[in-house]
Amino acid sequence: MSAVYIMGCGVEPAGLEGEAPTAAVAQPLAVGESVYGKYYQHDIVAATGDPAAPNLSQLKGYVSINNSGQTVFVGKMSNGSEHLFVGGASGAVDLTPNETTARRFPAGAQINNSGIVVAPDSLTSSYFLRRWALTPGSHGNVQDATLLARSSTETAGLSFIGAYPSLSASGKVAFVGTDSTGKYQLALPNPNSTTRFTTKRQTIQAARPSMDGEGNIVLSSDFSGPIEWWSADLSTNIVLADNDGSCFTDLGRNPGISIDGTVVVFYGNLQPVCATTTGIVEAGPGIFAMVYPSGIGEGGSYYMYRIAGRQIENFNVDKNATPPPANDTDGICEVDEKCMVGELGFTSTGAGIGFQSFAKDARVSVSIEDVGSSEPRLVVAFVGTPTAAHPMGLFSANEGLWTTEVRMFVGSSSARLTPERPRPVVQVGDNMGAETVASLGETGQPVFAQVTNAPFSLSGTVRNKRDLADHRLGYYFTATSGKQFIVRAERLDTDDDGLPDHVEEHGMDFDQNGTIDLDLPSLYGVKPDGKDIIVELDYLVAAGNHSHKPVVRNDGKEFTRMVDAFRRKGIHLAYFVDDAIPETGPFLQLTPQKRKPGVSANQVMKMNTIRFGTGGHPCSFGGFIGTHQERTQSGNCEAILGARLLRARSEITYPNWA
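Residues numbered from 1 in each chain as written. Predicted model: local features only at pLDDT ≥ 70, side-chain atom pairs only at ≥ 80, totals over all residues. Heavy atoms only, no water.

S.K.: Before we move on, could you go through helix 8 (residues 637-646) and cite the residues and values that matter?
M.R.: Most of helix 8 sits inside the fold, with nine of its ten residues counted as buried. Of the positions making up helix 8, those classed as buried are Cys637, Ala639, Ile640, Leu641, Gly642, Ala643, Arg644, Leu645 and Leu646. (Buried < 20%, exposed > 50% of the residue type's maximum accessible area, 1.4 Å probe, protein only. Helix = DSSP H or I, 4+ residues; strand = E, 2+ residues; numbered from the N terminus.)

S.K.: How would you summarise the pairing of strand 12 (residues 126-134) if you had to cite specific residues and measurements?
M.R.: Bridging between strand 11 (residues 116-123) and strand 12 involves eight bridges; their strand directions are antiparallel. Looking at the pairing, Asp121 lines up with Phe128 of strand 12. The hairpin formed by strand 11 and strand 12 contains two residues between the paired strands, and Thr124 there has a positive phi angle of roughly 55°. (Pairing = 2+ DSSP bridges.)

S.K.: Mind laying out the pattern of salt bridges, listing which residues take part and the relevant values?
M.R.: For side chains of opposite charge, pairing can occur when their charged atoms come near one another. Tallied over the entire structure, the rule returns 19 salt bridges. Linking Arg488 and Asp43 is a salt bridge whose minimum nitrogen-to-oxygen distance equals 3.3 Å. Separated by 445 residues along the polypeptide, Arg488 in strand 42 (residues 484-491) and Asp43 in strand 3 (residues 41-47) bring together distant segments of the chain. Of the two residues, Arg488 and Asp43, both sit in the buried class. Across the pair Glu420 and Arg377 runs a salt bridge whose closest N-O atoms are separated by 3.9 Å. Residue Glu420 is located in the loop between strand 36 (415-419) and strand 37 (423-427), and its partner Arg377 is located in strand 34 (residues 377-386); the two are separated by 43 residues in the primary sequence. Taking relative accessible area as the criterion, Glu420 reaches 26% and is therefore assigned partly exposed. Assessed through its relative accessible area of 9%, Arg377 is described here as buried. Because the salt bridges share partners, they merge into one network encompassing Arg377, Glu405, Arg407, Glu420 and Arg423. (Salt bridge = Lys/Arg side-chain N within 4 Å of Asp/Glu carboxyl O.)

S.K.: Lay out the state of the cysteines with the relevant residues and their values.
M.R.: Applying the stated rule across the entire model yields two disulfides. Bridging Cys247 to Cys274, the disulfide has an S-S length of 1.7 Å. Across the S-S bond of Cys247 and Cys274 the torsion is about -60°, and the bridge reads as left-handed. Of this pair, Cys247 sits in the loop between strand 22 (237-241) and strand 23 (248-251) while Cys274 is found in helix 1 (residues 272-278), placing the two residues 27 residues apart along the sequence. Residue Cys274 is classed as buried on the basis of its relative accessible area, which comes to 7%. One disulfide bridge connects Cys333 with Cys339, the sulfur atoms lying 2.0 Å from each other. Here the disulfide of Cys333 and Cys339 is right-handed, its torsion about the S-S bond being about 100°. For Cys333, a relative accessible area of 9% translates into the label buried. (Disulfide = S-S within 2.5 Å.)

S.K.: Describe in detail the side chain of Thr452, supporting the description with residues and values.
M.R.: Among the structural elements, Thr452 can be located in strand 40 (residues 450-453). Classification of Thr452 as buried rests on a relative accessible area of 8%. Setting aside its immediate chain neighbours within four residues, Thr452 contacts Ile65, Asn66, Asn67, Ser367, Asp470, His471 and Arg472. (Contact = heavy atoms within 4.5 Å.)

S.K.: Account for the packing of aromatic side chains, naming residues and giving values.
M.R.: Within the structure shown, the criterion is met by 17 aromatic pairs. Arranged with centres 6.5 Å apart and planes meeting at 50°, the rings of Tyr267 and Phe358 form a pair that is tilted. Of this pair, Tyr267 sits in strand 25 (residues 263-270) while Phe358 sits in strand 32 (residues 355-358), placing them 91 residues apart in sequence. We classify Tyr267 as buried; its relative accessible area is 9%. Taking the centre distance of 5.9 Å and the plane angle of 55° together, the rings of Phe358 and Phe382 count as tilted. Of this pair, Phe358 sits in strand 32 while Phe382 sits in strand 34, placing them 24 residues apart in sequence. Residues Phe358 and Phe382 agree in their burial class; the two are buried. (Phe/Tyr/Trp six-rings, centres within 6.5 Å; stacked < 30°, edge-to-face > 60°.)

S.K.: Which residues make up the sheet that holds strand 19 (residues 210-211), and what are the values?
M.R.: Spatially, four strands are ordered 19-20-21-22 in an open sheet, and the strand pairing comes out antiparallel. Two strands bound the open sheet, and with one partner strand each, they are strand 19 and strand 22. Both strand 19 and strand 20 (residues 217-220) contribute to a ladder of two bridges, which runs antiparallel. Note that in strand 20 the partner of Met211 across the bridge is Ile217.

S.K.: Talk me through the nonpolar core; I want residue IDs and the actual numbers.
M.R.: Note that soluble globular proteins tend to have their nonpolar side chains buried in a common cluster. One finds Ile287, Val380, Leu401, Leu417, Tyr475 and Phe477 to be the most contacted residues of the largest nonpolar core, which totals 75 residues. In terms of nonpolar packing, the next biggest core, distinct from the first, is built from 20 residues, Val218, Trp229, Ala241 and Phe248 among them. (Core = buried A, V, L, I, M, F, W, Y, C linked by side-chain atoms within 4.5 Å.)

S.K.: Which residues make up unusual backbone geometry, and what values do they have?
M.R.: A cis amide bond links Gly225 with the next residue in sequence, Pro226, at an omega value of 0°. Inspection of the secondary structure puts Pro226 in the loop between strand 20 and strand 21 (227-230). Of note, the phi angle at Thr124 is positive, near 55°, even though the residue is not glycine. Mapped onto the elements of the fold, Thr124 is located in the loop between strand 11 and strand 12. Judged by its relative accessible area of 67%, Thr124 is exposed. Of note, the phi angle at Leu234 is positive, near 65°, even though the residue is not glycine. By relative accessible area, Leu234 is classed as buried at 0%.

S.K.: If you had to explain the environment of Asp222 to someone new, which residues and values would you point to?
M.R.: Residue position: Asp222 is located in the loop between strand 20 and strand 21. When its relative accessible area of 22% is taken as the criterion, Asp222 is described as partly exposed. Once the C-alpha coordinates of Asp222 and Thr203 are considered, the two residues, 19 residues apart in sequence, prove to be 7.5 Å apart.

S.K.: With reference to specific residues and values, describe the confidence of the model for the protein.
M.R.: Low-confidence regions, as indicated by low pLDDT, have predicted coordinates that should not be scrutinised in detail. Summarising the model, the protein shows a mean pLDDT of 83, and 83% of its residues fall at 70 or more. Here residues 1-24 is modelled with pLDDT under 50, and outside its nearest four sequence neighbours on either side it reaches 111 contacts, counting other chains as well. Note that pLDDT drops below 50 for residues 589-601; the model gives that stretch 22 contacts with residues more than four away or on any other chain. (pLDDT = per-residue confidence, 0-100.)

S.K.: An account of the side chain of Gln70 is requested, with residue identities and associated values reported.
M.R.: Along the polypeptide, Gln70 turns up in the loop between strand 5 (64-65) and strand 6 (71-77). The buried category is assigned to Gln70, whose relative accessible area is 6%. Here Asn66 takes part through its side chain, which lies 2.6 Å from a polar atom of the side chain of Gln70. (Polar contact = N/O pair within 3.5 Å; in protein donor to acceptor, adjacent residues only side chain to side chain.)

Set out below in structure tokens:
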């Protein structure tokens, strides 16, 4: 469980006091190293200019990842030859070490959960699609390599095989090529046929298909839609979302589909008329999910939800108004409720922060865990740009790769999705050790990043204990230094307590400059295999030396008993007493409609003012989050308190409520 801030009355108990670390010095970023960031652990899988691979001169911007953390990508060597690599726990292995300088591997290599790799390649004017099979649990032991398809000069053949094939969990493959007339065709490979494919269907442009576990396909047949579903044998297709204005005027080029085939995710610009009929409150651009409880192609209803680009429910409504608002205080903006911008939080002046734009050509991907249950969990990955930076540095206003965890409730003929607040994986301008992120894609190319669940460790062993939303992503970035990197990002929470494993093992490097800002393991003894709660005890002090400092009786046995009670439930409780906060008036934590009669807003000590100060940041404006030493430390206050904020939940006990 996360840290908790509590205010109380009495005398200071014996607890744990946090010490501020010294200022950080950025370290070079090398293959095999990790950055223990504020949300994710970032493992460096490959890098140009790295001593471990001095001949690697260029990396391509498409990364595929499976649920064991294996990544597949393409790199170029200093002699001009291009190679296919698979990355694991300690770096990358070349799958094609003997390739000549003439062979080219375009972007789009894929790996599935069984260790099968599919990639297109070309040699002079001939084009190929090949399959490699890795030994299970390995990161480069190739069992076989098979030719799946090749170009042909025959009239019935394909003259070109494009990038971005798709690979299912069951090993089925789909790809796009052009026929002898130059038309794009969606095809399935068949190495035993003379034409090297069994069937084809025309698409408008070079589509980039995505497959579910059984080989059913989702794609956008043009740059702006429509988004279509095709059965695994290409015998049936269904238009899922059209760009004709009836619902959407614009659709993304790279939709995704869940491994069980029940959820499709995509970028779209929703029209008001369709927002009304689907029950989605907000029109306009966003990331959407269509849920088919019975599966696409099986009949039955579907349900559409906005995953990102959402408004939130406005809690500051007057429940006593006539007529009363329909708000149900669940935080989700629903029909007939009063809503507001604030999906990502609020600025120091109280303005809501949302997304100003989404990268429509970037891949939107989805992972699903606990398939078949009534409450599976989704993680949706997409590329977006916020309207403003967070005042405590949780994210910048730059473009980035984001994820949203989604709670899904499924009945026999119904579905409901509850998205949580999106979090950034990586943004342009972020530190990565001594490097700074300059871009997340190759020049002129969209960002491609895949998300997968994480049921296995990097060594291939089953993770018996894990949070249902545990996940990994593979991504690419170019640094301002000109170096290129392939990264595996993971957010794991083995004990399901809200503290990511990497934070409980190593601490948090909030600004990601290579040095830990908040060392939770050393300060509080947190561990990744047992639930932890960290309590900061602040208290109010009024005029006349009236204090609400926590009272300790019986030599502190109350706190010992409290710690023991949590321990018996398998929870490690750590606490420390911190600030005495001047009491200037009644205290209000809740919403205006809960305020006592006769108490004005300017008399109220609001929770955010106490935590962050009058200017929205405790490093400069007198807030009380964190310790006094941390708030006054020169040069590193923002990173330390930002780390504390991410691990904090606020609960206040105080007798004089407004």
